[in-house]
Amino acid sequence: EEEAIGEIFPTFWQTGSKAGRSVVTGRLSSSDPNFQNIPRRDKSVRRGFIPRPGYGIYYFDYKQIEMVILACSAGDRRLMQAVLDGVDLHARTAELLFSKGYTNASQQVKDELRQVAKTINFGIIYGMGAKKLAKSLRELLLGVSPEARLAAGISTSTFSVEDARPILARYHKTLPTVGRFMKETMWKIGSAGFVQDVFGRRYHVPADLRYKGVNALIQGCAASVMKRGVIKLTEALSDNPHAGIVNLVHDEIQLEVLLGPDQDNVARLALTCLEDRTTFPVPLLLDVAYTETTWADKAKRTL
């Protein structure tokens, strides 16, 4: 028991995350304690997560994985090309949605428009209708400058359901492939009761929750990518007693590695195992961060 002092071992669940009532996605969740909800902005809790003496921790985070899978599933060439070009997908969506208002804007306004586009993108994935989207945008717009609202063609910060409907219509007109993908997914659920991802995994969705089908499919597919990568990584490290996975948080894998001249080579091996360059039309890549102190201090690392 003395060896366990200072260490926390939560329970991870493969069927804990749901996209609506009884729609299991396969995304990992955890409990006792819940490691999936460690605050990001308040760094005080993350300062309690430290490597063992003589070790460092690498953080591998899939780049916008749900958006990339949405782009590939919908077959949207513009979004897939943005991935290949290394362009942020929320920024590209803002550029497509707001056109000249985005192109001619200052960087600050572009950043604000990206947040608007991000809210809409995830609203689409999560199956939000005009009512929920209006609520999300209303909360966001309270902190958005008048210049950004003007560039987005939004005349009010109070943003009602009636204001959200034309935004949704504009989105589907601008990205019609996404709308077709959503309709096809709901049709498959209505006719078969389930939808199937590229790995052959089925997501059974009640007919009255068809609008949650895209969320289940995208989130579940992302979870499968991560799990397959973790299995490869675990096998690759089976003979290395000085490296191991210490935590999994949504789309992030945390790998503890012994400090030394070989540690970046171990991290490069991990990166190779976790990347998926063959399943989809574009590669699913990862950002890498590193720390030798605390989780709150992690910083980007180039391997």
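Coordinates for the structure precede this section.
Residues numbered from 1 in each chain as written. Predicted model: local features only at pLDDT ≥ 70, side-chain atom pairs only at ≥ 80, totals over all residues. Heavy atoms only, no water.

### Things to note about the environment of Arg138
Logical step 1: By secondary structure assignment, the location of Arg138 is in helix H5 (residues 130–141).
Logical step 2: Its relative accessible area of 32% is what places Arg138 among the partly exposed residues. (Helix = DSSP H or I, 4+ residues; strand = E, 2+ residues; numbered from the N terminus. Buried < 20%, exposed > 50% of the residue type's maximum accessible area, 1.4 Å probe, protein only.)

### Details of empty space enclosed by the protein
Logical step 1: With the rule as written, the count across this model stands at 1 cavity of 30 Å³ or more.
Logical step 2: Within this model, the largest cavity holds a volume of roughly 90 Å³.
Logical step 3: Taken together, Arg27, Leu28, Gln36, Glu66, Gln219, Ala222, Ala223, Met226, Lys227, His250 and Asp251 make up the full set of residues lining the largest cavity.
Logical step 4: Looking at which element gives the most residues to the lining of the largest cavity, the answer is helix H9 (residues 213–236), with 5 residues. (1 Å grid on protein atoms, 1.4 Å probe; cavity = no way out; pocket = protein on both sides within 12 Å on 5 of 7 lines; lining within 4 Å. Points joined across faces, edges and corners; volume = space filled by probe spheres on them.)

### With respect to H5
Logical step 1: For H5, built from 12 residues, the straight-helix expectation of 16 Å at 1.5 Å per residue is met to within 8% by its first-to-last C-alpha distance of 16 Å.
Logical step 2: Residues of H5 that are buried: Ala130, Leu133, Ala134, Leu137 and Leu141. Within H5, the buried residues cover an arc of 105° as seen down the axis, which keeps them to one side. Turned more than 90 degrees away from the buried face of H5 sit Lys131 and Lys132, all of them exposed.
Logical step 3: Contacts made by the buried residues of H5 are with helix H4 (107–125), helix H6 (146–151) and helix H7 (161–174). (Expected span 1.5 Å × (residues − 1). Arc of directions from axis to C-beta. Contact = heavy atoms within 4.5 Å.)

### Comments concerning the pairing of strand E7 (residues 252–258)
Logical step 1: Counted residue by residue, E7 has 6 buried out of 7 residues, so it is predominantly covered.
Logical step 2: Where strand E3 (residues 55–62) meets E7, 7 bridges bridge the pair, whose relative direction is antiparallel. Within E7, the position partnered with Gly56 by the bridge is Val257.
Logical step 3: Once strand E6 (residues 243–249) ends, the chain turns through 2 residues before running back antiparallel as E7, passing His250 with a positive phi of about 55°. (Pairing = 2+ DSSP bridges.)

### Topic: the packing of H4 against H7
Logical step 1: Relative to each other, H4 and H7 sit at 80°, their axes nearing to 12 Å. By the angle class used here, H4 and H7 are roughly perpendicular. Where H4 approaches H7, its residues Ile120, Asn121 and Ile124 are matched on the opposing element by Ile167, Leu168, Tyr171 and His172.
Logical step 2: Of the residues assigned to the contact of H4 with H7, the class counts are 5 nonpolar, 2 polar and no charged. (Axes fitted to C-alpha atoms, helices over the stretch in contact; angles between N-to-C directions. Parallel < 35°, antiparallel > 145°, perpendicular 65-115°, else oblique. Nonpolar A, V, L, I, M, F, W, Y, C, P; charged D, E, K, R; others polar.)

### Here we look at the sheet that holds E7
Logical step 1: A sheet is described by the order of its strands in space; here 5 strands give the open sequence E6-E7-E3-E8-E9, paired in antiparallel fashion. One side of each edge strand has no neighbouring strand; the edge strands of this open sheet are E6 and strand E9 (299–300).
Logical step 2: Relative to E7, E6 runs antiparallel, the two sharing 6 bridges. Counterpart to Asn247 in the pairing with E7 is Gln254.
Logical step 3: Packing against the sheet, helix H10 (residues 263–274) makes contact with E3, E6, E7 and strand E8 (286–291), and its axis sits at approximately 25° to E3.

### So, the side chain of Arg27
Logical step 1: Structurally, Arg27 is set in the loop between strand E1 (11–13) and strand E2 (29–31).
Logical step 2: Look at Arg27: it is buried, it has no salt bridge, and the nearest opposite charge is Glu66 at 4.1 Å.
Logical step 3: A polar contact of 3.2 Å, which involves the side chain of Arg27, links it to the side chain of His250.
Logical step 4: Setting aside chain neighbours within four positions, we find Arg27 in contact with Trp13, Gln14, Ser17, Glu66, Gln219, Ala223, His250 and Asp251. (Lys, Arg positive; Asp, Glu negative; His and termini not counted. Salt bridge = Lys/Arg side-chain N within 4 Å of Asp/Glu carboxyl O. Polar contact = N/O pair within 3.5 Å; in protein donor to acceptor, adjacent residues only side chain to side chain.)

### Some points on the environment of Lys300
Logical step 1: The residue Lys300 is located in strand E9 in this model.
Logical step 2: Sequence-wise, Lys300 and Ala289 are 11 residues apart; in three dimensions their C-alpha atoms are separated by 4.0 Å.
Logical step 3: Not counting chain neighbours up to four residues away, the residues in contact with Lys300 comprise Val288 and Ala289.

### Quick notes on the layout of surface pockets
Logical step 1: Volume-wise, the largest pocket comes out at about 1300 Å³.
Logical step 2: Considering the residues around the largest pocket, the lining is formed by 41 residues, among which Asp61, Tyr62, Lys63, Gln64 and Asp287 are closest to the centre.
Logical step 3: For the lining of the largest pocket, the secondary structure elements donating two or more residues are E3, helix H1 (65–74), helix H2 (77–84), helix H3 (89–103), H4, E8 and E9.
Logical step 4: Classifying every residue of the lining of the largest pocket gives 21 nonpolar, 6 polar and 14 charged.
Logical step 5: The computed volume of the second largest pocket comes to approximately 800 Å³.
Logical step 6: Looking at the second largest pocket, it is lined by 27 residues, and the ones nearest its centre are Glu7, Ile8, Phe9, Phe35 and Val246.
Logical step 7: When residues of the lining of the second largest pocket are traced back to their parent elements, those giving at least two are E3, H9, E6 and E7.
Logical step 8: In terms of residue count, E6 provides more of the lining of the second largest pocket than any other element does, 4 residues in total.
Logical step 9: Residue classes in the lining of the second largest pocket are distributed as 18 nonpolar, 5 polar and 4 charged.

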